[in-house]
Amino acid sequence: MQSFEADVYKRIVALVQAILAQNALPTELDPDARLVDAGLTSMDMVSLMLSVEAEFDFTIPQGEITPENFQSVATLERLVASELTAAQAA
């Protein structure tokens, strides 16, 4: 059975790759690579944020919408996993 973190990671990578593909950019991505270095613009980041909220069915708290949390797939994965875990505990 696939772990919770691995599932979150795969779903986030798919979202990022979809945006990269829309922009005709290479879609191979290292988990720690900076998303802006991969080619995501500020508008792409907004699209990614909305896609993450739709994919995982939660609203990212305003205080968590920071450049640090959207720096890489790895930082975004930590944010999503943290929010989902908190929602399950509530």
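Residues numbered from 1 in each chain as written. Predicted model: local features only at pLDDT ≥ 70, side-chain atom pairs only at ≥ 80, totals over all residues. Heavy atoms only, no water.

Below, the discussion takes up the overall build of the protein. Each helix and strand counted, the protein has four helices and zero strands in total. If you list the helices and strands of the protein from N to C, you get α-α-α-α. Here the C-alpha radius of gyration of the protein, 13 Å, is about what a compact globule of 90 residues would show, namely 12 Å. For the C-alpha atoms alone, the extent of the protein along its principal axes is close to 40 × 35 × 20 Å. Looking at the protein as a whole, 36% of its 90 residues are labelled buried. Of the roughly 5400 Å² that the protein leaves accessible, carbon and sulfur atoms contribute 54%. The centroid of the 4 positive side-chain charges in the protein is displaced by 3 Å from the centroid of its 14 negative side-chain charges. (Helix = DSSP H or I, 4+ residues; strand = E, 2+ residues; numbered from the N terminus. Rg over C-alpha atoms; globule rule 2.2 N^0.38 Å. Buried < 20%, exposed > 50% of the residue type's maximum accessible area, 1.4 Å probe, protein only. Areas by Shrake-Rupley, 256 points an atom, 1.4 Å probe, with all protein chains shown as cover. Lys, Arg positive; Asp, Glu negative; His and termini not counted. Charge placed at Lys NZ, Arg CZ, Asp CG, Glu CD.)

Here the focus is the side chain of E53. Take E53: it is sitting in helix α3 (residues 42-56). Here E53 occupies a buried position and makes no salt bridge, while the nearest side chain of opposite charge, R11, is found at 13 Å. The residues contacting E53, other than those within four sequence positions of it, are F58, T59 and I60. (Salt bridge = Lys/Arg side-chain N within 4 Å of Asp/Glu carboxyl O. Contact = heavy atoms within 4.5 Å.)

Its location among the elements puts N69 in the loop between α3 and α4 (73-89). Look at N69 and you get buried, because its relative accessible area is 17%. For the pair N69 and L79, spaced 10 residues apart in sequence, the C-alpha separation works out to 6.5 Å. With residues near it in sequence (within four places) discarded, N69 still touches E64, T75, L76 and L79. For N69, the side chain forms a polar contact with the main-chain oxygen of E64, separated by 2.7 Å. (Polar contact = N/O pair within 3.5 Å; in protein donor to acceptor, adjacent residues only side chain to side chain.)

Another point: the pattern of salt bridges. What the rule picks out here adds up to three salt bridges. Note that R11 is salt-bridged to D7, the shortest N-O span being 3.2 Å. You can see R11 and its partner D7 sitting in helix α1 (residues 4-22), four residues apart, about one turn around the helix. For E55, the salt bridge goes to R11, with nearest N and O atoms at 2.8 Å. Pair noted here: E55 is in helix α3 and R11 is in helix α1, with a separation of 44 residues, a long-range link.

With that settled, the discussion passes to unusual backbone geometry. Despite not being glycine, A24 shows a phi value in the positive range, around 55°. The residue A24 is located in the loop between α1 and α2 (35-38) in this model. For D57, which is not glycine, the phi dihedral falls at a positive 55°.

It is worth spelling out the confidence of the model for the protein at this point. In the predicted model, the protein carries a mean pLDDT of 92, and 98% of its residues have values of at least 70. Across the protein, the secondary-structure element scoring lowest on mean pLDDT is α4, at 92, and the one scoring highest is α3, at 96. (pLDDT = per-residue confidence, 0-100.)

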